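Structural description and commentary
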Amino acid sequence: MKRLFTSLFLAAACAVLALGVVGCGEKKEEKKAEAPVAAPAPAGPKTIVFATDAAYPPMQYMNDQKEIVGFEVDVMKAVAEKAGFKAEFKNVAWDGIFAGLENGKYDAISSSVSITDERMLKMDFSEPIMAIEQILVVGTKEKATDLASLKGKSIGAQIGTTSYFVVKDVKGFKAIKTYDEVGLAMEDLVKGSIQAVVADSPVAVDYTTKKYADKIKIASVLKSDKVENIGIAVKKGNKDVLDLVNKGLAAIKADGTFDKIKEQHQMK
């Protein structure tokens, strides 16, 4: 009987030990709390880089602080605000400005670019910003009032512009001198190196009423059978940028912002 009791006791003890071993082996893994996934930061506004030849007052030029300023610059800043993008301006010489657009160095050109049939074959344009005219500028003592009366004399214009296209095929001038910047042409006119300059109307008005008001004057408006509009140029097929620019332009013209900017810059 004692032996039976001992055997039962040993069997029970083994069973308890066995359960203990199993219990130790089944160590519960604590589930770690997962760190909350941070919500993605909202994307900032799209940045559009505009190339501009900042030597064309009052449209775009460098101020005393070496900042790019001007009427068209303010227009595009207002456009950016309305359309929800950030406008960045890059000073680029006119001579290579279209090649840079084609090569993707910037997104658009905001530089008093006239919308012509030839240019539209190579790039796309926004809706017109405004219409301009070609102006004949001469010295204050010059009596010529048109291109015909300047035959035998020298005339200047910025190369690659519609101002140059107006005079390049006209016969009878002593010389047609081209310039990288319109300001250099005006300087030569003041010095007497040339007798006339053809320039866009905003630029002609600016130089004849401000910097050289007592030295040069507007002789006439060179009439054309076509309205000349300026706009924003983008690479062919760049619909995303074009749509944003057009959206902003429509907004600032509808709410009066465009007219206010014109007043601020004393534009007609």
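Residues numbered from 1 in each chain as written. Predicted model: local features only at pLDDT ≥ 70, side-chain atom pairs only at ≥ 80, totals over all residues. Heavy atoms only, no water.

So, about the side chain of D53. Topologically, D53 is positioned in the loop between strand 1 (46–52) and strand 2 (55–56). Despite its burial, D53 remains without a salt bridge, the nearest opposite charge being carried by R119 at 11 Å. A polar contact is formed between the side chain of D53 and the side chain of Q158, at a distance of 3.3 Å. When sequence neighbours within four positions are dropped, the list of residues in contact with D53 reads Q60, N91, V92, A93, W94, I97, S111, Q158 and D180. (Helix = DSSP H or I, 4+ residues; strand = E, 2+ residues; numbered from the N terminus. Buried < 20%, exposed > 50% of the residue type's maximum accessible area, 1.4 Å probe, protein only. Lys, Arg positive; Asp, Glu negative; His and termini not counted. Salt bridge = Lys/Arg side-chain N within 4 Å of Asp/Glu carboxyl O. Polar contact = N/O pair within 3.5 Å; in protein donor to acceptor, adjacent residues only side chain to side chain. Contact = heavy atoms within 4.5 Å.)

With that out of the way, let us pick up helix 9 (residues 257–264). Within helix 9, burial applies to F258, I261 and K262. The buried side chains of helix 9 occupy one side of the element, clustering within an arc of 100 degrees when seen end-on. Counted as exposed and oriented over 90 degrees from the buried face of helix 9: K260, E263 and Q264. Considering only its buried residues, helix 9 is in contact with helix 2 (71–83), strand 8 (130–132) and helix 8 (239–254). Q266 sits one or two positions beyond helix 9 and adopts a positive phi of about 55 degrees. (Arc of directions from axis to C-beta.)

This paragraph deals with the packing of helix 2 against helix 9. The N-to-C vectors of helix 2 and helix 9 enclose an angle of 155 degrees; their axes lie 10 Å apart at closest approach. Considering their axes alone, helix 2 and helix 9 lie roughly antiparallel with respect to each other. In this structure, helix 2 meets helix 9 at a crossing whose hand is right-handed. Across the interface between the two elements, F71, D74, V75, A78 and K82 of helix 2 pack against T257, F258, I261 and K262 of helix 9. In the contact of helix 2 with helix 9, the residues fall into 5 nonpolar, 1 polar and 3 charged. (Axes fitted to C-alpha atoms, helices over the stretch in contact; angles between N-to-C directions. Parallel < 35°, antiparallel > 145°, perpendicular 65-115°, else oblique. Left-handed = near helix turned anticlockwise from the far one by under 90°. Nonpolar A, V, L, I, M, F, W, Y, C, P; charged D, E, K, R; others polar.)

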